[in-house]
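# Close look at the chain arrangement
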Amino acid sequence: MIGAQDRGAVPMVELWRGNLCESLHYGHAVVVDTTGQIVEAWGNPQAVIYPRSSCKMVQALPLLESGAADAAGLSPKQLALACASHNGAAIHSEAVTSWLGEMGMGEADLRCGPQEPADIPARDALIRAGESPCQIHNNCSGKHAGFLTLNRHLGGGSEYTEFDHPVQQASLQAFEEVTGEAIRGWGVDGCSAPNFSTSLLGLARAMGRFAGAREGQGLRESAQARLTQAMMAYPEMVAGETRACTDLMRAMNGQAAIKTGAEAVFVAILPGKGLGIALKVLDGTTRASEAAIAALLVRYGVLDPAHPAAKERMNPELRSRRGLLAGEIRVADGFA
């Protein structure tokens, strides 16, 4: 059965082995300007999705707008961490531990749940020490440290991930305002916080507003600009080594902030171009969403297609375990 999200989807990314297209990934993508007007679209911009972690910079807006971030003296590196889906590497876990300590809090105050680090050295260090992963290793622990900072400022209860908690209601209000839409519903994200559904166009519209924001324009615009600048200045905090968000932001050298979300969502903020981008690959495959976002970043002139980080995502070679060339991933004809 074809779901509503599937209607109008177009081929975005192909996997070729020999002379056969072995896999084909369908999806939607939309590019808007700073006013929310569609510049280009593929598939159905009105497809309703969960943005998952791609909207963490939106969830971080109340942290700045409330004054909580400045009252706590948060640095740009911590603001980047608040927007992160990090690897759980030492630079991430140490930063979250320090952040919590500054508030007189610890791992037990988090509500994101434990997660094994994606960072291999961090994972192996835990194994050698005979220790188990904790909540600080969770890829969303930076976002949750931000939630706790906001919660301390608001004086809310300890269960800050509940839908009706002041922290989440502040996040909901910001989300609806920057997407320009009432939420279509909500679900529980992997880190236990609510994740609000929206159209792909609404998500892109939010990114377009971030792209047009400048400090000094107003409270929200300053918050958007500060978060965007923090992500671009500290790409290693947003994801981690070998990750697409980190590698591609480094390759673009301050021209764009990008953020992935689970189930193959990707967004981009292009301040210099005044553009916001959102895409969703229907089957949830990360290799496809990374290829698609890289292709769009190349299309809009902020990513050099010859850069190794771009080539690794847009058209990587597939090799056998003996190193024989087996195939390649390609952006589909007609997309980007």
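Placed above this text is the structure.
Described below are features of the structure shown in this document. The shown structure was predicted, so the numbers you read here are calculated from the model rather than taken from an experiment.

The helix and strand inventory of the chain stands at 14 helices and 12 strands. Here the C-alpha atoms of the chain give a radius of gyration of 19 Å, agreeing with the 20 Å that 2.2 N^0.38 yields for 336 residues. Taken along its principal axes, the extent of the C-alpha atoms in the chain is 60 × 50 × 40 Å. A total of 336 residues make up the chain; the buried ones form 53% of that total.

Here we take up the packing of helix α8 (residues 166–179) against helix α9 (residues 200–212). Viewed as axis vectors pointing N to C, α8 and α9 meet at an angle of 90 degrees, and their least axial separation amounts to 7 Å. Here α9 runs roughly perpendicular to α8, going by the angle between their axes. Contact residues: α8 offers E177, V178 and T179, while α9 offers G202, L203, R205, A206 and R209. When its residues are assigned to classes, the contact of α8 with α9 shows three nonpolar, two polar and three charged.

Another point: helix α13 (residues 286–299). Under the 1.5 Å per step criterion, the end-to-end length of α13 is 20 Å for 14 residues, consistent within 8% with the ideal 20 Å. The complete set of buried residues in α13 reads A288, S289, A291, A292, I293, A294, A295, L296 and L297. Positive phi appears at G301, one or two residues downstream of α13, with a value of about 80 degrees.

So, on to the environment of G104. Mapped onto the fold, G104 is located in the loop between α5 (90–102) and α6 (120–129). Among the residues examined, G104 registers a relative accessible area of 67% and is labelled exposed. A C-alpha to C-alpha distance of 47 Å links G104 and H25, two positions 79 residues apart in sequence.

By the definition in use, this model includes 16 salt bridges. As a salt-bridge pair, E65 and R220 come within 2.5 Å of each other at their nearest N and O atoms. Here E65, found in helix α2 (residues 61–65), pairs with R220, found in helix α10 (residues 219–233); they are 155 residues apart in sequence, far enough to count as distant. Each of D247, E290, E312 and R313 takes part in a single network of salt bridges with overlapping partners.

What follows covers the packing of aromatic side chains. Scanning all chains against the criterion turns up five aromatic pairs. Between F163 and W186 the ring centres are 4.5 Å apart and the planes differ by 10 degrees, which places this aromatic pair in the stacked class. Within this pair, whereas F163 is found in the loop between α7 (141–154) and α8, its partner W186 is found in strand β5 (residues 186–188), the two being separated by 23 residues in sequence. Residue class for F163 comes out partly exposed when judged on its relative accessible area of 26%. The partly exposed category is assigned to W186, whose relative accessible area is 39%. Ring geometry for F163 against F196: centres 6.4 Å apart, planes inclined by 75 degrees, an arrangement best described as edge-to-face.

Here the focus is unusual backbone geometry. Positive phi values are uncommon outside glycine, yet E263 reaches one of about 65 degrees. With respect to the helices, strands and loops of the structure, E263 is situated in the loop between β8 (257–261) and β9 (265–270).

Before going further, it helps to spend a moment on the environment of E159. On the secondary structure map, E159 appears in the loop between α7 and α8. Its relative accessible area of 32% is what places E159 among the partly exposed residues. In this structure, the C-alpha to C-alpha distance between E159 and R111, residues 48 residues apart in sequence, is 7.4 Å. Excluding residues that lie within four positions of it along the chain, E159 makes contacts with R111 and H165. Looking at E159, its side chain comes within polar contact range of the side chain of R111, at 3.1 Å.

All right, on to the state of the cysteines then. Evaluated as defined, the whole model comprises zero disulfides. C55 provides the cysteine sulfur closest to C83, a residue in no disulfide bond, and the two sulfurs are 10 Å apart. No disulfide involves C134; its nearest neighbouring cysteine sulfur is the one of C112, lying 8.6 Å away.

Before going further, it helps to spend a moment on the environment of A69. Mapped onto the elements of the fold, A69 is located in helix α3 (residues 68–71). In sequence terms A69 and T149 are 80 residues apart; their C-alpha atoms lie 7.2 Å from each other. Each residue touching A69, except ones within four places of it in the same chain, is listed here: L63, L64, L74 and L79.

What counts and how
- Residues numbered from 1 in each chain as written.
- Predicted model: local features only at pLDDT ≥ 70, side-chain atom pairs only at ≥ 80, totals over all residues.
- Heavy atoms only, no water.
- Helix = DSSP H or I, 4+ residues; strand = E, 2+ residues; numbered from the N terminus.
- Rg over C-alpha atoms; globule rule 2.2 N^0.38 Å.
- Buried < 20%, exposed > 50% of the residue type's maximum accessible area, 1.4 Å probe, protein only.
- Axes fitted to C-alpha atoms, helices over the stretch in contact; angles between N-to-C directions.
- Parallel < 35°, antiparallel > 145°, perpendicular 65-115°, else oblique.
- Contact = heavy atoms within 4.5 Å.
- Nonpolar A, V, L, I, M, F, W, Y, C, P; charged D, E, K, R; others polar.
- Expected span 1.5 Å × (residues − 1).
- Salt bridge = Lys/Arg side-chain N within 4 Å of Asp/Glu carboxyl O.
- Phe/Tyr/Trp six-rings, centres within 6.5 Å; stacked < 30°, edge-to-face > 60°.
- Polar contact = N/O pair within 3.5 Å; in protein donor to acceptor, adjacent residues only side chain to side chain.
- Disulfide = S-S within 2.5 Å.

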